[in-house]
Amino acid sequence: MQELAEQVNAAVPTSADSFTNIGTFTVPAGIKRLKRVRFGIAPDHGTTAISVRCAPVLRLQGSGLQEQNPHDFLGKFSSVSVVTTGGLAQNDLMMEYEVDIPVQTGGTYTADVNTLDEAVTAGSVMINVLYDDKVAVAKNSMSQFVDAAGTTTADAFAALGTFTIPKLDPAKDPTKIVEVVIGVALDQGTSAISLRTAPIIRLTQSGIKGSGLHDYVGPLATSAHNGTTPSQGVAQDNGTIRIETDIDINAGGQIVAEQQFRVETPTASTVAVGLVYR
C-alpha cells in the first residue's frame, strides 16, 4: 500500500466570517483516495490584555475531489482571556477527521479557512492531508456546518441554523449522519467573572428519518478570573466535541439545529454544529 501525506500552512486569516485560501493541493500520482484530514490554528495572542475566541472551519473543494463538495470541517474551538499580566498556554489545537473521498490523480483542490465571528490576532494555520492507493468504498463522505452567536437567554432553545442535506446522485447521496460535531468558543471579556458553560444541541425536522428526540450535550467548560491584582489569564482549549451517531436521513431534506445553555450563558460566544455524512 502506498500512503502519502502533504501539508499547506499560512498566517491566520485577518478577517472573520469569510473563507481565506491557505493553499492548493495537487493529487499525487498513483493515489486513489483522501483518507484523513488534519488541521488547526496555533494562535499568537500577544502580550496585552485581550479576550478573543477562535472558531475555525476548514473547507476543501475542487475538481480533484471526485465527490460532491465543498467539504466543511469544524476545527478545535478555543478562547483566551487575559486581564493585564496573567499567563496562559494553549495545547492540543489540532482536529482530525477520517474520510473516504475519491480523488483524481493530477487534480487540484483548495484548502480555505474561516474564523467565525472574530479573527485571531496572529497565528499559524496548519492543514495536513493523508492519501493512499485504496479505492474509496464510502457511499458519501460529505460534511456541513451551521453556526450562530451563542444565545444569551438560559434554559430555552434558540435558533442555530438549518442544514439542507446534499442530494445529487441517488447512488452517492448521503444516507446517514455518522458524527455530530459541536463547537463552542467563549468570549468572556476581561472583567471579573465566573461562569459555567453547559450547552445542548437539538436536531429536528424532516431531514431525519423516524421520530424521537435528538438532543446532544456539547463541550462543558468554566471560565473564571478576578480581574484585579493578581491578574489571571484563562484559556479554553477543547471547545469542540465529537459524538458518533447512526442517524438515518433523507437526502435533500432539511435539519434544523437549535442551541441552549443551561442555567447560565457565556458573556459572548460562537456556537457551531457540524454533521458528517456517509
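My aim in this report is to walk through the structure given alongside it, one point at a time. (Residues numbered from 1 in each chain as written. Predicted model: local features only at pLDDT ≥ 70, side-chain atom pairs only at ≥ 80, totals over all residues. Heavy atoms only, no water.)

## Things to note about the overall build of the protein
No. 1: Looking only at helices and strands, one finds zero helices and 21 strands in the protein.
No. 2: Taking 2.2 N^0.38 as the reference for a compact globule, 278 residues should give roughly 19 Å; the C-alpha atoms of the protein span a radius of gyration of 19 Å, in line with that estimate.
No. 3: Among the 278 residues that make up the protein, the fraction classed as buried is 51%.
No. 4: Restricting the contact set of the protein to residue pairs at least 6 apart, pairs at least 24 apart contribute 84%.
No. 5: With an accessible surface of roughly 11,500 Å², the protein has 49% of that area assigned to carbon and sulfur atoms.
No. 6: When the 19 basic and 28 acidic side-chain charges of the protein are each reduced to a single mean position, those positions are 6 Å apart. (Helix = DSSP H or I, 4+ residues; strand = E, 2+ residues; numbered from the N terminus. Rg over C-alpha atoms; globule rule 2.2 N^0.38 Å. Buried < 20%, exposed > 50% of the residue type's maximum accessible area, 1.4 Å probe, protein only. Contact = heavy atoms within 4.5 Å. Areas by Shrake-Rupley, 256 points an atom, 1.4 Å probe, with all protein chains shown as cover. Lys, Arg positive; Asp, Glu negative; His and termini not counted. Charge placed at Lys NZ, Arg CZ, Asp CG, Glu CD.)

## Section: the pairing of strand 13 (residues 176-186)
No. 1: Buried residues dominate strand 13, accounting for nine of its eleven residues.
No. 2: With seven bridges joining them, strand 13 and strand 19 (residues 240-248) adopt antiparallel strand pairing. Residue G183 lies in a different strand from strand 19, and its bridge partner there is T240.
No. 3: Alignment of strand 13 against strand 21 (residues 269-277), held across nine bridges, turns out to be antiparallel. From the neighbouring strand, A185 faces strand 21, where its bridge partner is T270. (Pairing = 2+ DSSP bridges.)

## Let's talk about the nonpolar core
No. 1: Counting residues in each nonpolar core, the largest one holds 38 residues, and the members touching the most others are L34, L58, L60, Y109 and I127.
No. 2: Core analysis: the second largest hydrophobic core is formed by 25 residues, F163, V184, L186 and I247 among them. (Core = buried A, V, L, I, M, F, W, Y, C linked by side-chain atoms within 4.5 Å.)

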